[in-house]
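Here is how the chains run, residue by residue.
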Amino acid sequence: MNQFSLKHFIVRSQALALYRDIMRTMMKIEDQDYRKEIREWARSEFHRNRTLRDLGEIRTQVALGRRSLNELKLAMRMAS
Amino acid sequence: MLSSTFRLLTRTSSFIRPVIGSLPRRSLFLKPTLVSFNEKHRQPSMIINHIPVRQSHVHYTYPMIESRVMLVLRLFDKIDGNALQLDSKFAQDLGLDSLDIVEITAALEDEFWTEIPDVDSDHFVTPRHIIQYLCDKYDVYEHVEPVSAGKEYMEEAKAAAERAHHH
């Protein structure tokens, strides 16, 4: 029996949606160095946590990522 | 990251800044859109997330879509340009995972000024699928072999008539 439940699938799609929002926000940045920095930061964070299996931990990480993304959007708004 | 933006704010005299102008080295400014807007007419409370409008004179053809998609894929640093073919699978041949597919989808959205939802990007297995999806989105069908409805209809009708005749 596969150890991944429906909740795992839902949480996985939430994590992918977060990554997609980060990438879409990143595309709006003109500065190529800063774009690379954001991409490397997002990739390293997601790859570091890719072997997590506990639902609570995954949800916590996704929430932390959301908060970081909101900070990034706020920083972009303030700078533009 | 926030501290540098605070320093930026205290340096400038007002919150209204020109998009293209003299800016500090590591500033963030929004990409110029296809809509040309005059700076004089901009309101102080401008909409930061300006919705871009696609110009209607851009004519989409199959070679154009194919070359743009392959360019976007080649520019992606995790894809080997030599191994990239129209039918090379992302997961098996090119060794990409779901995060990379999401990133490629975001780059394609940026290139084609459109939105590609998650449900559609899940079905991208080869570059050919992406090109076909975009052709469907923009109603490009010049690469599809036309089906002659007349010829096949006549054969169908003939066969049906034969069957009806023999019964």
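Residues numbered from 1 in each chain as written. Chains lettered and ligands numbered in written order. Predicted model: local features only at pLDDT ≥ 70, side-chain atom pairs only at ≥ 80, totals over all residues. Heavy atoms only, no water.

The name recorded for chain B in an unreviewed UniProt entry is Acyl carrier protein, from Adineta ricciae. Quoted straight from UniProt, the Sequence similarities (unreviewed entry) entry for chain B says "Belongs to the acyl carrier protein (ACP) family." (UniProt positions renumbered as here; feature names shortened; annotations may be inferred.)

Looking at an unreviewed UniProt entry, one finds chain A named LYR motif-containing protein 2 and attributed to Adineta ricciae. Among the UniProt annotations of chain A, the heading Subcellular location (unreviewed entry) holds the following wording: "Mitochondrion".

Student: Mind showing me how you'd approach the side chain of Glu103(B) here?
Tutor: Inspection of the secondary structure puts Glu103(B) in helix H3 (residues 98-112). Overall, the relative accessible area of 3% leaves Glu103(B) in the buried class. At 3.4 Å, the side chain of Glu103(B) and the side chain of Arg39(A) are in polar contact. If near-sequence neighbours (up to four positions away) are discounted, Glu103(B) is found in contact with Tyr19(A), Met23(A), Arg39(A), Arg43(A) and Phe76(B). (Helix = DSSP H or I, 4+ residues; strand = E, 2+ residues; numbered from the N terminus. Buried < 20%, exposed > 50% of the residue type's maximum accessible area, 1.4 Å probe, protein only. Polar contact = N/O pair within 3.5 Å; in protein donor to acceptor, adjacent residues only side chain to side chain. Contact = heavy atoms within 4.5 Å.)

Student: For this particular structure, what's the right way to read the layout of surface pockets?
Tutor: Over the atoms rolls a probe the size of a water molecule, and in doing so it shows where empty space is left. Each pocket or cavity is described by its volume, and for the second largest pocket that value is around 730 Å³. Surrounding the second largest pocket, 26 residues form its lining, Ala15(A), Phe46(A), Asn49(A), Arg50(A) and Ile58(A) being those nearest its centre. Broken down by secondary-structure element, the contributors of at least two residues to the lining of the second largest pocket are helix H1 (6-27), helix H2 (32-48) and helix H3 (55-79) of chain A together with H3 of chain B. In terms of residue count, the dominant contributor to the lining of the second largest pocket is H1(A) (eight residues). For the lining of the second largest pocket, the class distribution of residues is 15 nonpolar, six polar and five charged. (1 Å grid on protein atoms, 1.4 Å probe; cavity = no way out; pocket = protein on both sides within 12 Å on 5 of 7 lines; lining within 4 Å. Points joined across faces, edges and corners; volume = space filled by probe spheres on them. Nonpolar A, V, L, I, M, F, W, Y, C, P; charged D, E, K, R; others polar.)

Student: Would you mind going over the pattern of salt bridges with me for this structure?
Tutor: Pairing between side chains of opposite charge can happen when their charged atoms approach one another. The full count for this structure, using the stated rule, is 13 salt bridges over all chains. When the shortest N-O distance is used, the salt bridge between Arg39(A) and Glu103(B) registers 3.4 Å. Of the two residues, Arg39(A) is situated in helix H2 and Glu103(B) in helix H3; the pairing between them involves two chains. Residue classification places Arg39(A) among the buried residues on the basis of a relative accessible area of 17%. With a closest N to O distance of 2.9 Å, Glu45(A) and Arg48(A) form a salt bridge. Pair noted here: Glu45(A) and Arg48(A) are both in helix H2, with a separation of three residues, about one helical turn. A cluster of three or more residues bridged by salt bridges with shared partners is formed by Arg39(A), Arg43(A), Asp77(B) and Glu103(B). (Salt bridge = Lys/Arg side-chain N within 4 Å of Asp/Glu carboxyl O.)

Student: Can you help me understand the packing of H1(A) against H3(B) in this one?
Tutor: Contact geometry of H1(A) with H3(B) gives a least axis separation of 9 Å together with a crossing angle of 40°. Taken together, H1(A) and H3(B) sit at an angle that is classed as oblique. The way H1(A) lies across H3(B) gives a crossing that is right-handed. Counted together, Arg12(A), Leu16(A), Tyr19(A), Arg20(A), Met23(A), Arg24(A) and Met27(A) of H1(A) and Ser98(B), Leu99(B), Val102(B), Glu103(B), Ala106(B), Ala107(B), Glu109(B) and Asp110(B) of H3(B) form the full contact between these two elements. A breakdown of the residues in the contact of H1(A) with H3(B) according to their chemical character gives eight nonpolar, one polar and six charged. (Axes fitted to C-alpha atoms, helices over the stretch in contact; angles between N-to-C directions. Parallel < 35°, antiparallel > 145°, perpendicular 65-115°, else oblique. Left-handed = near helix turned anticlockwise from the far one by under 90°.)

Student: Could you clarify how one ought to interpret the nonpolar core in this entry?
Tutor: When a protein is soluble and globular, its nonpolar side chains tend to lie buried together. Among the nonpolar cores identified, the biggest contains 26 residues, and Ile65(B) and Val69(B) are the most heavily contacted of them. Among the secondary structure elements, those contributing two or more residues to this core are helix H2 (62-75), H3 and helix H5 (127-137) of chain B. With six residues, H2(B) is the single largest residue contributor to this core. Among all residues touching Val69(B), those that are not within four sequence positions of it are Leu108(B), Phe112(B), Ile130(B), Ile131(B) and Leu134(B). Ala15(A), Ile29(A), Leu72(A) and Met76(A) belong to the second-largest nonpolar core, a separate cluster that totals 24 residues. (Core = buried A, V, L, I, M, F, W, Y, C linked by side-chain atoms within 4.5 Å.)

Student: What is the right way to look at H3(B) in this model?
Tutor: An ideal rise of 1.5 Å per residue puts 21 Å on 15 residues; H3(B) measures up with 21 Å between its terminal C-alpha atoms. Structurally, H3(B) contributes buried residues whose contacts are with H1 and H2 of chain A together with H2, helix H4 (118-121) and H5 of chain B. Two residues or fewer past H3(B), Trp113(B) is found with a positive phi of approximately 55°. (Expected span 1.5 Å × (residues − 1).)

Student: Hey, could you run me through a nonpolar patch on the surface in this one?
Tutor: Residue and element names in this part refer to chain A. A surface patch of nonpolar side chains, about 330 Å² in accessible area, is lined by Leu6, Phe9 and Ile10. When you line up the elements, Ile10 lands in helix H1. For Ile10, a relative accessible area of 40% translates into the label partly exposed. (Patch = residues over 30% accessible without salt bridge, like charges linked within 9 Å, V, L, I, M, F, W, Y side chains within 5 Å. Areas by Shrake-Rupley, 256 points an atom, 1.4 Å probe, with all protein chains shown as cover.)

Student: What am I meant to see in the packing of aromatic side chains here?
Tutor: Ring pairs (aromatic) are described by centroid distance and by the angle formed between their planes. This model, assessed by the stated rule, comprises five aromatic pairs over all chains. Between Tyr19(A) and Phe46(A), the aromatic rings sit 4.9 Å apart at their centres with planes inclined by 70°, giving edge-to-face as the arrangement. Here Tyr19(A), found in helix H1, pairs with Phe46(A), found in helix H2; they are 27 residues apart in sequence, far enough to count as distant. Across the pair, Phe46(A) and Tyr19(A) agree in class, each one buried. In this structure an aromatic cluster arises from ring pairing among Tyr60(B), Phe112(B) and Tyr138(B). When the ring centre of Phe112(B) is taken as reference, the NZ or CZ atom of Arg68(B) above it lies at 4.3 Å. (Phe/Tyr/Trp six-rings, centres within 6.5 Å; stacked < 30°, edge-to-face > 60°. Lys NZ or Arg CZ within 6 Å of the ring centre and 35° of its normal.)

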